[in-house]
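Overview (structure and organization)
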Amino acid sequence: MKELNVAILGVTGAVGEEFLSILEQRNFPIARLKLLASGRSAGKWIRFRETEYAIEEAKPNSFEGVDLVLSSAGSAVSRQLAPHVVKAGALMIDNTSAFRMDPDVPLVIPEINPEDIFKHHGVIANPNCSTIIMLVPLFPIYRVAKIGRIVVATYQATSGAGRMAMEELKNQTREVLEGRTPTKKVFPYQIAFNLFSHNSAIKDDGFCEEEIKMMRETRKIFHDDAIRLVATAIRIPILRAHSEALFIECERKISLDEVRQVLREAPGVRLVDDREKNYFPMPIEATGRDEVLVGRLREDPSVENGIALFVSGDQLRKGAALNAIQIAELAFKIKP
Ligand SMILES: NC(=O)c1ccc[n+]([C@@H]2O[C@H](COP(=O)([O-])OP(=O)(O)OC[C@H]3O[C@@H](n4cnc5c(N)ncnc54)[C@H](OP(=O)(O)O)[C@@H]3O)[C@@H](O)[C@H]2O)c1
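Treat the numbers as computed from the prediction; the structure is a model and nothing was measured.

**Thoughts on the environment of P267**
Its location among the elements puts P267 in the loop between helix 6 (256-265) and strand 14 (269-271). For P267, a count of 11 C-beta atoms within 10 Å gives the class exposed. Separated by 23 residues in the primary sequence, P267 and E244 have C-alpha atoms spaced 19 Å apart.

So this is what it looks like as structure tokens:
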């Protein structure tokens, strides 16, 4: 198998760290590895497969001789550096929102639209983490019963806002338990022992950016401009793995038995649906797993052909780094 020259852009971040651990776990064929972050991290060392690598500051000339760039350093950095990645002849798989809705950039979840990978012009976008966690379990149902409408409410972990946000939850929890005033640096409101509407900008119509991403990206990934979706995105005080309550309306009646059967056979999902034990998907059990957990299946009596579900998925893995590496494996024909 051909070994690739790989660069990780944003390697010191929550997603960057996950890139390293998944590349190692999947034995990804790497000839040379370049670890890139901001000037703040330049000169620090990171260990990968028994070798110490010095972190370099990401610059326009960082990509000479590189085949694959896995990027998660924020949208502004991706926008600035993508032209240099493409010019160097490398493929950029980008975790930021910079290019997701660009018609020339495929937006890919390998379990759903792998064929789009091969339409790229140097950049492939990884969808938003909440979108991936929602669509991996919904696509198998969509394929057999055509979902026309989705209502979703999210319960999103602090790690979705990066490494510093996870620290903020830990620090605030300590501060509150010790009777001190919690320090706010990353989030606008106290996150420990609280929850609030997702911390992305609110637009004129009242939706926040996270909700808009879920709506728009679903249409692009499914290649279905008619699908209707409304989202409410909420940040909750847990460290890792997003959960979502999903209410779907299908174009035909689909029984719960059929939904269960479809989900059991679907790639990338694990059915967790034990009514007797009141045992359903939980973020603590989704953490560190590749599959999205799905369960709490019910027929929705309030609409025609409606199904209610609950999902939990590790958004740093399937919602970000793992999805990107799966795209790379397909793009470079690498067997995991
Ligand atoms: N967290 C998630 O669940 C998730 C899921 C999907 C997508 N994403 C997206 O992935 C991106 C990163 O998220 P994250 O959670 O990993 O954030 P993070 O923990 O805050 O990490 C940010 C990374 O970007 C680097 N960086 C910042 N400014 C830079 C610059 N000017 N040049 C080069 N590198 C720079 C940082 O390096 P330093 O350490 O040197 O500052 C760090 O490695 C964001 O666009 C986010 O929306 C995140």
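This is not the end of the story, as more comes after the structure.
**Quick notes on the domain arrangement of the chain**
Domain boundaries in the chain define domain 1 (4-126 + 320-331) and domain 2 (131-315). The C-alpha centroid of domain 2 is placed 25 Å from the C-alpha centroid of domain 1. Every contact between the two is made by 13 residues of domain 1 and, on the other side, 17 residues of domain 2. Ranked by the residues each element gives to the side of domain 1 that touches domain 2, the list is headed by helix 8 (residues 317-331), at three residues.

**Digging into the sheet that holds strand 6 (residues 68-71)**
Taking strand neighbours across the sheet as the criterion, the six strands line up as 5-2-1-6-7-8 in an open arrangement whose pairing is parallel. The sheet terminates laterally at strand 5 (56-57) and strand 8 (123-125), the two strands that pair on one side only. Pairing of strand 7 (residues 91-94) with strand 8 involves three bridges; the strand directions are parallel. Each residue of the ladder has a partner; that of D94, found in strand 8, is A125. Strands strand 1 (4-9), strand 6, strand 7 and strand 8 of the sheet are contacted by helix 2 (residues 75-87), whose axis makes an angle of about 155 degrees with strand 7.

**With respect to the nonpolar core**
Of all hydrophobic cores here, the largest spans 99 residues; its most connected members are I8, V69 and L138. Per-element tally for this core: the top contributor is helix 3 (residues 129-145), with eleven residues. Residue-level mapping places this core at the junction of two domains, with at least three residues from each of domain 1 (4-126 + 320-331) and domain 2 (131-315). Those residues in contact with L138, other than ones at most four positions away along the chain, are I147, I150, L246 and I248.

**Here we look at helix 4 (residues 163-177)**
Over its 15 residues, helix 4 extends 22 Å from the first C-alpha to the last, a length consistent with the 21 Å expected when each residue adds 1.5 Å. For helix 4, the complete set of buried residues consists of A165, M166, E168, L169 and Q172. Buried positions in helix 4, seen along its axis, are confined to an arc of 155 degrees and lie on one side of it. Among the exposed residues of helix 4, those pointing more than 90 degrees away from its buried face are K170, R174 and L177.

**Digging into the site of the ligand**
Neighbouring residues of the ligand: 29 residues in total, closest T12, G13, S38, S41 and G162. Of all elements in the fold, only helix 1 (14-25), helix 2, helix 4 and helix 8 reach the threshold of two or more residues within the shell around the ligand. Looking at the shell around the ligand, the element that brings in the most residues is helix 1, giving three residues. Residues belonging to the shell around the ligand are distributed by class as follows: eleven nonpolar, 16 polar and two charged.

**Considering helix 1**
The terminal C-alpha atoms of helix 1, which comprises twelve residues, lie 17 Å apart, in line with the 16 Å expected from a rise of 1.5 Å per residue. Every buried residue belonging to helix 1 is among A14, V15, G16, E18, F19, L20, I22 and L23, and all of these are buried. Directly beyond the C-terminal end of helix 1, a positive phi value near 55 degrees is found at N27.

**Concerning the packing of helix 3 against helix 6**
In contact at an axis separation of 9 Å, helix 3 and helix 6 are set at 120 degrees when each is read in the N-to-C sense. The pairing of helix 3 with helix 6 is recorded here as oblique in orientation. You can see that helix 3 and helix 6 cross each other, and the crossing is right-handed. Side by side, helix 3 and helix 6 meet where P137, P140, I141 and V144 of the first sit next to V259, V262 and L263 of the second.

**Considering unusual backbone geometry**
Of note in the backbone geometry, K146 takes a positive phi value of approximately 45 degrees without being a glycine. On the neighbour-count criterion, K146 (16 C-beta atoms within 10 Å) is partly exposed. Phi at N278 takes a positive value of approximately 55 degrees, unusual for a residue other than glycine. With respect to the helices and strands, the residue N278 is situated in the loop between strand 14 and helix 7 (283-286). Overall, N278 belongs to the exposed group, with 7 C-beta atoms counted inside 10 Å.

**Structural notes on the sheet that holds strand 13 (residues 242-250)**
The sheet built from six strands is open, its strands ordered 11-9-13-16-15-14 with mixed pairing. Because the sheet does not close on itself, it has two edges, and the strands there are strand 11 (228-232) and strand 14. Averaged over all pairs of adjacent strands, the angle between strand axes in this sheet comes to 25 degrees, irrespective of strand direction. The strands that helix 6 touches are strand 14, strand 15 (292-300) and strand 16 (306-313); relative to strand 15, the one it contacts most, it runs at about 165 degrees.

The rules behind the values
Residues numbered from 1 in each chain as written. Predicted model: local features only at pLDDT ≥ 70, side-chain atom pairs only at ≥ 80, totals over all residues. Helix = DSSP H or I, 4+ residues; strand = E, 2+ residues; numbered from the N terminus. Buried ≥ 20, exposed ≤ 12 C-beta atoms within 10 Å, placed from the backbone. Domains from an automatic or database assignment. Contact = placed C-beta atoms within 7 Å. Pairing = 2+ DSSP bridges. Axes fitted to C-alpha atoms, helices over the stretch in contact; angles between N-to-C directions. Core = buried A, V, L, I, M, F, W, Y, C linked by C-beta atoms within 7 Å. Expected span 1.5 Å × (residues − 1). Arc of directions from axis to C-beta. Near = placed C-beta within 6 Å. Nonpolar A, V, L, I, M, F, W, Y, C, P; charged D, E, K, R; others polar. Parallel < 35°, antiparallel > 145°, perpendicular 65-115°, else oblique. Left-handed = near helix turned anticlockwise from the far one by under 90°.

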